[in-house]
Amino acid sequence: MQSVRRWSAAAVAATLCGWLSTFAPAVAEDGRRAGFVGTAVVAAPEKAMPDVPAARPVTRTDCAKAKCVALTFDDGPMSSTAELLDVLAAHQARATFFLVGRNVAARPDLVRRELAAGHELGNHSYTHADLGRSSAAKVREELERTQEAIEQAAGVTPTLMRPPYGSTDKNLALTAKRMGMAQILWSVDPLDWNARDRATVERRIVKGVRPGRILLMHDIHASTVAAVPAILRRLAAQGYVFVTVSELFGGSLTPGKKYVQR
Ligand code: NI
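An account of the accompanying structure is given in this report. Keep in mind that this is a model prediction, so the values were computed, not measured.

Rules used in this analysis
Residues numbered from 1 in each chain as written. Predicted model: local features only at pLDDT ≥ 70, side-chain atom pairs only at ≥ 80, totals over all residues. Heavy atoms only, no water. Core = buried A, V, L, I, M, F, W, Y, C linked by side-chain atoms within 4.5 Å. Buried < 20%, exposed > 50% of the residue type's maximum accessible area, 1.4 Å probe, protein only. Helix = DSSP H or I, 4+ residues; strand = E, 2+ residues; numbered from the N terminus. Contact = heavy atoms within 4.5 Å. Donors = N, O, S within 2.8 Å, 3.2 Å for Na, K, Ca; no water. Axes fitted to C-alpha atoms, helices over the stretch in contact; angles between N-to-C directions. Parallel < 35°, antiparallel > 145°, perpendicular 65-115°, else oblique. Left-handed = near helix turned anticlockwise from the far one by under 90°. Nonpolar A, V, L, I, M, F, W, Y, C, P; charged D, E, K, R; others polar. 1 Å grid on protein atoms, 1.4 Å probe; cavity = no way out; pocket = protein on both sides within 12 Å on 5 of 7 lines; lining within 4 Å. Points joined across faces, edges and corners; volume = space filled by probe spheres on them.

### Regarding the nonpolar core
Then, in step 1: By size, the foremost hydrophobic cluster in this structure holds 36 residues, and its most contacted members are Leu71, Phe73, Leu88 and Leu235.
Then, in step 2: Of all elements in the fold, only β2 (68-74), α5 (79-90), β3 (96-99), α7 (108-116), α8 (136-154), α11 (198-208), β8 (214-218) and α12 (222-237) reach the threshold of two or more residues within this core.
Then, in step 3: If you tally residues by element for this core, the top one is α12, at 6 residues.
Then, in step 4: For Leu71, the contacting residues outside a window of four places in its chain are Leu88, Arg94, Ala95, Thr96, Leu215, Met217, Leu232, Phe242 and Val243.
Then, in step 5: If you look at the next biggest cluster of nonpolar residues, it comprises 14 residues, including Cys68, Ala182, Leu248 and Leu253.

### Quick word on the coordination of the nickel ion
Then, in step 1: Every protein donor of the nickel ion is accounted for by Asp75 (OD), His124 (NE2) and His128 (NE2), and the metal-donor separations fall at 2.0 to 2.2 Å.
Then, in step 2: The buried category is assigned to His128, whose relative accessible area is 18%.

### Observations concerning the packing of α11 against α12
Then, in step 1: With their axes 8 Å apart at the nearest point, α11 and α12 run at an angle of 40° to one another. Taken together, the axes of α11 and α12 are oblique relative to one another. At the point where α11 passes α12, the crossing takes the right-handed sense. Of the residues in α12, those in contact with Arg198, Val201, Glu202, Ile205 and Val206 of α11 are Ser223, Ala226, Ala227, Ala230, Ile231, Arg234 and Leu235.
Then, in step 2: Grouping the constituent residues of the contact of α11 with α12 by class yields 8 nonpolar, 1 polar and 3 charged.

### Quick word on the layout of surface pockets
Rolled over the atoms, a probe with the dimensions of a water molecule shows which regions are left empty.
Then, in step 1: For the second largest pocket, the calculated volume is near 240 Å³.
Then, in step 2: As for the second largest pocket, its lining consists of 16 residues, of which Asp75, His128, Tyr165, Trp193 and His218 are closest to the centre.
Then, in step 3: Of the residues assigned to the lining of the second largest pocket, the class counts are 7 nonpolar, 5 polar and 4 charged.

### What to know about the environment of Met179
Then, in step 1: Mapped onto the elements, Met179 comes out in the loop between α9 (170-178) and β7 (182-184).
Then, in step 2: Not counting residues up to four positions away in its chain, the partners in contact with Met179 are Leu143, Glu144 and Gln147.

Below you can see the structure in the form of structure tokens.
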């Protein structure tokens, strides 16, 4: 669960109320936090949804009962992320984005859109560094700079991180623990960065999926984004519900610990 600092109630309520489509673009255009929190954005959803508690984590699906799967997208945001967000919104699917800090700094508008749409944000280092083979100082710097970039862009502090290349060690585990982040690996990898082919990515994901699994993809590749509509359609037809990583685990993730599936 990401600790939402200022506008969690607005984001939650907006998502639930379904007037996000009018809400998100205004957020993206207006970079300032004050503008986001002010005026009708907060007031309207509270009226419409009086039973939505303030500052509560978004947990709408009980994955102990439902057939959950967590879509995760790494290495963004990039321009292709915008199209993916449209696709996810059209299918009312939520996902988790593991963000590269320098890309966050370049496209904070997309990070705000991700958050406003109810997706979860995670830390994927600042320069996509091999953290399992880096010094303690380097690991700390990579993770801290990325936390700061995400805080600046979207006003939330991630409680999840994914080591680039899945490369981790004891030092990273300790640093992640100290920084309050669980390590999220994956259980289905279609090697989309290598295939760069819509049909291949779709086939591998559909073949590998099981309830409780974490699917790894990259929103920086157009071929992956192109595969997502069919993936969502086919998995939804099998009864899958698309949840964030924190939601998949019912919000009970331990900082520093590694997770590959529920
Ligand atoms: Ni990566």
